[in-house]
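Listed here are the chains, written in short residue letters.
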Amino acid sequence: MTRIDKKPPHSGDGGRTASVTVRGLVKHYGETKALDGVDLDVHEGTVMGVLGPNGAGKTTLVRCLSTLITPDSGTAFVAGYDVAKQPRQLRRVIGLTGQYAAVDEKLSGRENLYMIGRLLDLSRKESRSRADALLERFSLTDAATRPAKTYSGGMRRRLDLAASMIGSPAVLYLDEPTTGLDPRTRNEVWSEVKRMVGDGVTVLLTTQYMEEAEQLADELTVIDRGKVIAGGAIDDLKAKVGGRTLRIRPADPLELRPLAAALDDMGLTGLATSTVDAEAGAVLVPILSDEQLTAVVGAVTARGITIGSIATELPSLDEVFLSITGQKASAPQDDTRTSELEGAAV
Ligand SMILES: Nc1ncnc2c1ncn2[C@@H]1O[C@H](COP(=O)(O)OP(=O)(O)OP(=O)(O)O)[C@@H](O)[C@H]1O
Ligand SMILES: [Mg+2]
């Protein structure tokens, strides 16, 4: 999908329009086109969710935008700086939490953060106070002096996030920040990300979890095989995919099953089978048009079933993803991937 931006794509001098502007980005690895002409705009102070199945090109995009790799063609500007021509300036305004943990295992949490502060040219004093403030903020003060190798997966991820915040970045890249985390830790990370966004940070977040996208992203870009295949606000995407779900509650709860059965053998063109939400006392059935809605209501009433309430719902983001990519979104799972060195703060 190509969006036409009426505003100039970048100012080139550090001024702001969109915080991240990508046009026609291409990156090959041998025969593999990891990025095949990607266009993307992330507006200042918003969260852009980049969704895509394994191998879609998400990490490659993040690496190009962090100056870790050089694209073959196309342009990318971050906070007004050109990825190709102003890598040093650009690195000063970004933070990166890579897909794989990047902290030094032998060093303690505090030492890791202090070292990054020094690498970013902060004074000793500044590095120390920044490290302590971030340890506090990410609830790691108690573990501050322990080597990072003794940290749990969630603690490491929080340390990674803290590391990416040392330089007070204006733009933060989070590459699958919660893959492999348990639900409670995932929620903690989400709260931290929301807090950073509240502080005005612009975020580009890659994820395979639809719930994460729903929780954090203002807009989505779906990529597959290096190409952007859909994009926009979550509700717009849902509406574009089409189809709504009809939630019908019979006036008499005893009529729940007869209602479901009636819907299923109505034989309405294209009407999918219904599901019963016993707890809510409602039957759910996907519909494709307003005509189907009218037909369903008519047919149910004709069977003598009184409708208590009826509502339409947009499809879930999982359904949207399935419809766009033809693949199911990943279910959260433990991360068994091996660690790979990737700059925690650039
Ligand atoms: N260093 C590399 N050398 C060769 N091929 C690579 C390299 N990095 C990525 N690729 C290939 O480029 C494509 C995009 O990979 P990328 O890591 O960007 O995908 P991804 O969307 O991040 O996937 P995942 O969800 O698994 O992290 C894949 O086909 C991958 O095999
Ligand atoms: Mg990746």
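Treat the numbers as computed from the prediction; the structure is a model and nothing was measured.

Engineer: What is the right way to look at unusual backbone geometry in this model?
Structural biologist: Most peptide bonds take the trans form, and the phi angle of most residues other than glycine is negative. Its identity as a non-glycine residue notwithstanding, A79 has a phi of 50°, on the positive side. Along the polypeptide, A79 turns up in the loop between β4 (73–78) and β5 (81–82). Since its relative accessible area comes to 3%, A79 is described here as buried. For S139, which is not glycine, the phi torsion reads 55° and is therefore positive. Within the secondary structure, S139 sits in the loop between α4 (124–137) and α5 (153–165). Take S139: its relative accessible area is 57%, and that puts it in the exposed class.

Engineer: Can you help me understand the environment of E111 in this one?
Structural biologist: Looking at the secondary structure, you find E111 in helix α3 (residues 109–119). For the pair E111 and R146, spaced 35 residues apart in sequence, the C-alpha separation works out to 9.5 Å.

Engineer: I keep staring at the site of ligand 1 and nothing clicks. Help me out?
Structural biologist: What surrounds ligand 1 is a group of 15 residues, the closest being N54, G55, K58, T59 and T60. Within the side chain of E176, an N or O atom sits 3.0 Å from an oxygen atom of ligand 1. Taken by itself ligand 1 offers 630 Å² of open surface, and the protein chains cover 65% of this. Put simply, the parts of the chain that give the shell around ligand 1 at least two residues each are β2 (32–43) and α1 (58–65). Here the shell around ligand 1 takes 3 residues from α1, the largest share from any one element.

Engineer: What should I look at first to understand the packing of α3 against α5 in this one?
Structural biologist: In a packed pair of helices, the relevant descriptors are the angle between the two axes and the axis-to-axis distance. Two numbers describe how α3 lies on α5: the axes approach to 9 Å, and their chain directions differ by 25°. With respect to α5, the element α3 is oriented roughly parallel. The two elements α3 and α5 meet at a crossing, and its hand is right-handed. Contact residues: α3 offers G109, N112, L113 and I116, while α5 offers L159, A162 and A163. Split into classes, the residues belonging to the contact of α3 with α5 amount to 5 nonpolar, 2 polar and no charged.

Engineer: Looking at this structure, how should I read the nonpolar core?
Structural biologist: The nonpolar side chains of a soluble globular protein tend to be buried, and buried together. In terms of nonpolar packing, the biggest core is built from 45 residues, with L113, F138, V203 and L220 touching the most fellow members. The element that contributes the greatest number of residues to this core is α5, accounting for 6 residues. If we ignore the near neighbours within four places in the chain, the residues touching L220 are M48, G49, L51, A213, A230, G231, G232, I234, L237 and L317. One finds V42, L61, V83 and L204 within the second-largest nonpolar core, a separate group that totals 28 residues.

Engineer: Would you explain the sheet that holds strand β3 (residues 47–51) in this entry?
Structural biologist: One key point about sheets: their strands pair by backbone hydrogen bonds, in either a parallel or an antiparallel sense. Overall, mixed pairing links the 6 strands, which are arranged β6-β7-β8-β3-β9-β10 in an open sheet. Unpaired on one side and paired on the other, β6 (94–97) and β10 (227–233) mark the two borders of the sheet. For this sheet, the mean angle separating the axes of adjacent strands, direction not counted, is 15°. Relative to strand β7 (residues 171–175), β6 runs parallel, the two sharing 4 bridges. Each residue of the ladder has a partner; that of I94, found in β7, is V171. Its contacts with the sheet put helix α11 (residues 317–325) on β3, β9 (219–224) and β10, and the angle it makes with β9 is roughly 35°.

Engineer: Please explain the pairing of β3 as it appears in this structure.
Structural biologist: Residues in a regular strand project their side chains so that they alternate between the two faces of the sheet. Among the 5 residues in β3, 5 count as buried, and that is most of the element. Burial of the side chains of β3 extends over both faces: V47, G49 and L51 are buried on one face and M48 and V50 on the other. The sheet contact formed by β3 and strand β8 (residues 202–207) spans 5 bridges and is parallel. Note that in β8 the partner of M48 across the bridge is L204. Looking at chain direction, β3 and β9 are connected through 4 bridges and run parallel. Its bridge partner lying in β9, V50 is registered against T221.

Engineer: Please explain the sheet that holds strand β13 (residues 282–287) as it appears in this structure.
Structural biologist: The 4 strands lie next to each other as β12-β13-β11-β14, forming an open sheet whose pairing is antiparallel. Where the open sheet ends on each side, the last strands, each with one partner, are β12 (275–277) and β14 (307–313). Strand-to-strand twist of the sheet, defined as the mean angle between neighbouring strand axes without regard to direction, takes the value 25°. As judged from the 3 bridges shared by β12 and β13, these two strands associate in the antiparallel manner. Following the sheet pairing, V276 is matched in β13 by V283.

Engineer: What is the right way to read the pattern of salt bridges from this model?
Structural biologist: A side chain of one charge can pair with a side chain of the opposite charge if their charged atoms are brought near each other. For the coordinates displayed, the defined rule picks out 17 salt bridges. Here D36 makes a salt bridge to K227, at a shortest N to O gap of 2.6 Å. Linking D36 in strand β2 with K227 in strand β10, this pair joins segments that are 191 residues apart in sequence. According to the relative accessible area criterion, K227 is partly exposed, its value standing at 40%. Shared partners join several salt bridges into a network, and the residues in it are R137, E192, R195 and D199.

The rules we used
Residues numbered from 1 in each chain as written. Chains lettered and ligands numbered in written order. Predicted model: local features only at pLDDT ≥ 70, side-chain atom pairs only at ≥ 80, totals over all residues. Heavy atoms only, no water. Helix = DSSP H or I, 4+ residues; strand = E, 2+ residues; numbered from the N terminus. Buried < 20%, exposed > 50% of the residue type's maximum accessible area, 1.4 Å probe, protein only. Near = heavy atom within 4 Å. Polar contact = N/O pair within 3.5 Å; in protein donor to acceptor, adjacent residues only side chain to side chain. Areas by Shrake-Rupley, 256 points an atom, 1.4 Å probe, with all protein chains shown as cover. Axes fitted to C-alpha atoms, helices over the stretch in contact; angles between N-to-C directions. Parallel < 35°, antiparallel > 145°, perpendicular 65-115°, else oblique. Left-handed = near helix turned anticlockwise from the far one by under 90°. Contact = heavy atoms within 4.5 Å. Nonpolar A, V, L, I, M, F, W, Y, C, P; charged D, E, K, R; others polar. Core = buried A, V, L, I, M, F, W, Y, C linked by side-chain atoms within 4.5 Å. Pairing = 2+ DSSP bridges. Salt bridge = Lys/Arg side-chain N within 4 Å of Asp/Glu carboxyl O.

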